[in-house]
Amino acid sequence: MTINTLAKGVWHREQMTSFRRMEKVIVAMQDPDMGMKMRNQRLLITVIPHAMTGHDIIGWLIQKYNICEEEALHIGGMLVRYGYIYPLKEPRSLVLRPDESPYRFQTPYFWTSTRWPASELDYAIYLAKKNIRKQGELMEYEKERYSVLHKRINHTWDFVVMQAREQLRASKQRRKADRIVLECQEQAYWLINRSPPGAFNVLDMGLERTNNPSLRVTLVCGYICLQIETCRRALGRNRVKSSICLEGFLKYSEQYQNHDPIMQGCLPSNPWISDDTAHWTMNAEMVPTPTRLRVECWSFSFIELLNDSMGRREFMTYLEKEFSAENLCFWQACEEVRHGESSKIIEKVGEIYKNFLAPGAARWVNIDSKTMDKTLEGIQHPHRFVMDDAQMHIYFLMKKDSYPRYLKSDLYKNMLAKAIVPQETKKSVFPFMRRQRHASPSPAQAAAQATEEDNGAKGAGQAGSNSAAGSHA
């Protein structure tokens, strides 16, 4: 490829400043010590040397400049759009993808700031070479430009075809990886200097720059798709008005007000102030009869019931009567996998499959086919979160079906009726008054006290004998 070195015009000073800044980033990225680590990347069956992925580019920018992922994606996208980095997987789209797509650095000879304007002759050779290689399969706009150039420089068209064939013959002598790199490199250069019609031209400045958004569809298609996906995810988020949010917060505070030990105090007494540990005893993990406040919390939400060991036991008793206890057993087994020891994950996952998911299992759980297929696929390589989808499905099944019926059952109503309501112990007038401490006596005082007690006992014995003799006389 030959580039005409005649200057077409003077670049705007502001644009050149931006080019220089981007080139400083590219030079820093290619630094052998602190720059990016280049390695071989596989493109289908071809190994491309000295390449990097889009994920590597974003990670390096985040670490180097201490920016967020969104800013790194924006900066990396600018480097690709201005031709300092070109893609190998989809060379027609100058978009940075945050995945394992391979990219390479553009040769400094083709940097935009070098002011090598692309002539019509060079572009005609590129199109002729591409037309011969792909046997006429050009894009529509390329076919139109090819015809226009054929008419405009018809007097030198033999030279164009001869040069194109000579370059193709020379490229066939190179390795396949080198041919792919050169083709992508050349295509990225012409996408910038001869942008498709309707695409946003990054080289335009001032009055020449098009501001019609409808003309930017082709070049920024990947960016627009990314924006659409971002907006779609944003629409899926729960956004609540501040008034509704405050109303929900007030409702939550009113619901838990009587159960807050800081606001209402502990019953029968605060064990951190007094020596009475009855509060801890009544609210132990397992007790014969729970307190009324504890049982009332079970009706606030399903997660409150599951977080309480005694609540899970009572809920299990109810599910056994309903012949659906396997759901809670499966949920508990999944919790053990998620929060248990790493060395026992494979063993526990195998037990869960054998007891709950295998065809004909003794405690088979009802899971939809899509979730079951995804779970069975994940079991092939067990990890801590392999059962999350199935566990969530069973969780919502119990929350929407079994939990409301449990709150209306006689089992819960009887438990609420039998629950203990602790009575508050009497407080002293000055609850924070320091109690008197009875210090132990010294050894000398203890010996003197013992001597006095012995003497008093002897005197009492003698008086008793005298009184007995007098009565006998």
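Reference entry: report on the structure contained in this document. (Residues numbered from 1 in each chain as written. Predicted model: local features only at pLDDT ≥ 70, side-chain atom pairs only at ≥ 80, totals over all residues. Heavy atoms only, no water.)

Notes on helix α7 (residues 176-193)
Three- or four-residue spacings in an α-helix give side chains the same orientation, since the helix completes a turn every 3.6 residues. An ideal rise of 1.5 Å per residue puts 26 Å on 18 residues; α7 measures up with 26 Å between its terminal C-alpha atoms. Three or more residues of α7 are buried, namely A177, I180, V181, C184, Q185, E186, Q187, A188, Y189, W190, L191 and I192. (Helix = DSSP H or I, 4+ residues; strand = E, 2+ residues; numbered from the N terminus. Expected span 1.5 Å × (residues − 1). Buried < 20%, exposed > 50% of the residue type's maximum accessible area, 1.4 Å probe, protein only.)

Focus: a nonpolar patch on the surface
A surface patch of nonpolar side chains, about 270 Å² in accessible area, is lined by L121, F159 and M162. In this structure, M162 sits in helix α6 (residues 157-172). (Patch = residues over 30% accessible without salt bridge, like charges linked within 9 Å, V, L, I, M, F, W, Y side chains within 5 Å. Areas by Shrake-Rupley, 256 points an atom, 1.4 Å probe, with all protein chains shown as cover. Salt bridge = Lys/Arg side-chain N within 4 Å of Asp/Glu carboxyl O.)

Things to note about the packing of aromatic side chains
Scanning the model with the defined rule gives 18 aromatic pairs in all. An angle of 80 degrees between the planes, with centres 5.3 Å apart, marks the rings of W272 and W280 as edge-to-face. With relative accessibility at 72%, the residue W272 sits in the exposed group. Classification of W280 as partly exposed rests on a relative accessible area of 43%. Summarising the aromatic geometry, the rings of F330 and F356 are spaced 5.5 Å apart at their centres and angled 70 degrees between planes, so their arrangement reads as edge-to-face. Placement of F330 in helix α15 (residues 325-339) and of F356 in helix α16 (residues 345-357) is noted, with a sequence separation of 26 residues between them. Through a chain of ring-to-ring contacts, the aromatic side chains of F302, F315, Y318, Y395, F396, Y403, Y406 and Y412 assemble into a single cluster. Taking NZ or CZ as reference, R194 lies 5.5 Å from the ring centre of Y123, over its face. (Phe/Tyr/Trp six-rings, centres within 6.5 Å; stacked < 30°, edge-to-face > 60°. Lys NZ or Arg CZ within 6 Å of the ring centre and 35° of its normal.)

Considering the pattern of salt bridges
What the rule picks out here adds up to 18 salt bridges. Across the salt bridge formed by R338 and D388, the nearest N and O atoms sit 3.9 Å from each other. Taken together, the residues span a long stretch of sequence, with R338 in helix α15 and D388 in helix α18 (residues 388-407) at a distance of 50 residues. Several salt bridges share partner residues, and in doing so they unite E229, R232 and R233 into one network.

Brief notes about the packing of α16 against helix α17 (residues 369-379)
Packing of α16 against α17 brings their axes to within 11 Å, and their N-to-C directions diverge by 145 degrees. When the axes of α16 and α17 are compared, the crossing they make is left-handed. Mapping the contact onto sequence places V349, Y353 and L357 in α16 and M372, T375, L376 and I379 in α17. (Axes fitted to C-alpha atoms, helices over the stretch in contact; angles between N-to-C directions. Left-handed = near helix turned anticlockwise from the far one by under 90°. Contact = heavy atoms within 4.5 Å.)

Observations regarding helix α3 (residues 69-81)
With 13 residues, α3 ought to run about 18 Å at 1.5 Å a step, and its terminal C-alpha atoms sit 18 Å apart, in line with that. Here α3 has its buried residues at A72, G76, G77, L79 and V80. The buried residues of α3 occupy one face: seen down the axis, they fall within an arc of 160 degrees. Phi for G83, located one or two positions after α3, is positive at around 85 degrees. (Arc of directions from axis to C-beta.)

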